[in-house]
Amino acid sequence: MPRLAANLTMMYTEHPFLDRFEAAAKDGFSGVEFLFPYEFPAADLQSRLADTGMAQALFNAPPGDWAAGERGIASLPGRESEFDRGMDQALEYAAALGNRKLHVMAGLIRPGQDRAAHRDTYLRNLARAARAAASAGVTVVIEPINTRDIPGFFLNRQDDAQAVCAEVGADNLKVQFDIYHCQIVEGDIAVKLQRDMAGIGHIQIAGVPDRHEPDLGELNYPYLFERIDALGYAGWIGCEYRPRAGTSAGLGWARPYLANH
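Residues numbered from 1 in each chain as written. Predicted model: local features only at pLDDT ≥ 70, side-chain atom pairs only at ≥ 80, totals over all residues. Heavy atoms only, no water.

*Asks:* Could you give me a rundown of the packing of helix H3 (residues 80–97) against helix H4 (residues 115–134), with the residues and numbers involved?
*Replies:* Axes are the key here: two packed helices are described by the angle between their axes and the distance separating the axes. Direction vectors running N to C along H3 and H4 enclose 30 degrees, while the axes themselves pass 11 Å from each other. Classified by the interaxial angle, the pair formed by H3 and H4 is roughly parallel. Of the two possible hands of crossing, H3 and H4 adopt the one that is right-handed. Within the contact between the two elements, H3 uses Glu80, Phe83, Asp84, Met87 and Leu91 and H4 uses Thr121, Arg124, Asn125, Arg128, Ala129, Ala132 and Ala133. (Axes fitted to C-alpha atoms, helices over the stretch in contact; angles between N-to-C directions. Helix = DSSP H or I, 4+ residues; strand = E, 2+ residues; numbered from the N terminus. Parallel < 35°, antiparallel > 145°, perpendicular 65-115°, else oblique. Left-handed = near helix turned anticlockwise from the far one by under 90°. Contact = heavy atoms within 4.5 Å.)

What follows is the structure, encoded as structure tokens:
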């Protein structure tokens, strides 16, 4: 049975952010993830986790200037010092929240920019990030993202992400397999899960094509959950989708899984 984590950035937006922990717990979730914690003191987030008995499954390292359109800086030449400072901050929050998975976003590559230079920067930054995270017992994950949602994102395919991890060679560097992004870019989900499972550190889900509930759209998630179980994945599955209407009202698809936690 999948261990579902509510993504509090996209779900429960009917509530102020800090109240979303309790709302998710009432619906039966036992874990949460979100994009960024940094606008809140770590102690405030930790108290919400403690009050609800929730586990923190994942969050992202600082992505650069999100408001200005940046989507990560790990592959951006010249931003190495900023990247390292962001990792230090992320690991401080991870320690406070008991979080063991940290997503590092690659960033954008513009037309005409040197892809090889971006890749070299990416590899070096990820190697340093993985070393820093290892001492804290944290796994760094990288995520291929489709270019419909984020045009110009540096990392788009599962095989490319696995190749990056293999080249860095750190045991605590894995791929974040977002089924929504993978289906849009390349499809063949069940086969890719089987091919890559040993290198997958976190899984996320959403309906395709509209990123609503997983029971809406072209994917058969009950089948995929069975395949994920059969492949021995025991980690969290993040529900990173935009509810079509109210979050709780749209959880019919999840009830059989939440009832078992």
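We are not done yet, so read on.
*Asks:* So what's going on with H3? Residues and values would help.
*Replies:* With 18 residues, H3 extends 26 Å between its outermost C-alpha atoms, agreeing within 8% with the 26 Å of an ideal straight helix rising 1.5 Å per residue. Turning to H3, its buried residues are Phe83, Gly86, Met87, Ala90, Leu91, Tyr93, Ala94 and Leu97. Angularly, the buried residues of H3 cover 165 degrees about the axis, an arc narrow enough to put them on a single face. H3 presents Arg85, Glu92 and Ala95 as exposed residues on the side facing more than 90 degrees away from its buried surface. Where H3 is buried, its residues touch helix H2 (42–52), strand E3 (55–60), strand E4 (101–103), H4 and strand E5 (139–142). Backbone geometry just after H3 places Gly98 at a positive phi near 70 degrees. (Expected span 1.5 Å × (residues − 1). Buried < 20%, exposed > 50% of the residue type's maximum accessible area, 1.4 Å probe, protein only. Arc of directions from axis to C-beta.)

*Asks:* Describe the nonpolar core, listing the residues and the values that go with them.
*Replies:* Counting residues in hydrophobic clusters, the biggest one holds 85 residues, and the most contacted among them are Leu4, Phe29, Ile179, Ile203, Ile205 and Trp253. Ranked by the residues each element gives to this core, the list is headed by H3, at seven residues. Other than its neighbours up to four places away in sequence, Ile203 contacts Phe177, Ile179, Leu193, Met197, Ile228, Tyr233, Trp236, Ile237 and Gly238. (Core = buried A, V, L, I, M, F, W, Y, C linked by side-chain atoms within 4.5 Å.)

*Asks:* Quick one: what's the story with the sheet that holds strand E8 (residues 236–239), residue by residue and with numbers?
*Replies:* One closed barrel holds the eight strands; their spatial order is E1-E2-E3-E4-E5-E6-E7-E8, and the pairing between them is parallel. Taken over all neighbouring pairs, the strand axes of this sheet differ in orientation by 30 degrees on average, direction set aside. Pairing of E5 with strand E6 (residues 173–178), which is carried by three bridges, proceeds in the parallel orientation. Within E6, the residue paired with Val141 across the bridge is Lys174. The strands touched by H3 within the sheet are E3, E4 and E5, with E3 carrying the most contacts at an inclination of about 170 degrees. Here H4 sits on the sheet in contact with E5 and E6, set at roughly 150 degrees to E5. (Pairing = 2+ DSSP bridges.)

*Asks:* Give a description of the packing of aromatic side chains that names residues and reports values.
*Replies:* Across all of its chains, the model carries 13 aromatic pairs by this definition. Measuring from ring centre to ring centre gives 5.9 Å for Phe17 and Phe21, while their planes differ by 85 degrees; the resulting arrangement is edge-to-face. We classify Phe17 as buried; its relative accessible area is 14%. Accessibility expressed as a relative area gives 0% for Phe21, which makes it buried. Ring pairing ties together the aromatic residues Phe17, Phe21, Phe34, Tyr38, Phe40, Phe59 and Tyr93, which thus form one cluster. Positioned above the aromatic ring of Trp236, the side-chain terminus of Arg3 is 4.2 Å from the ring centre. (Phe/Tyr/Trp six-rings, centres within 6.5 Å; stacked < 30°, edge-to-face > 60°. Lys NZ or Arg CZ within 6 Å of the ring centre and 35° of its normal.)

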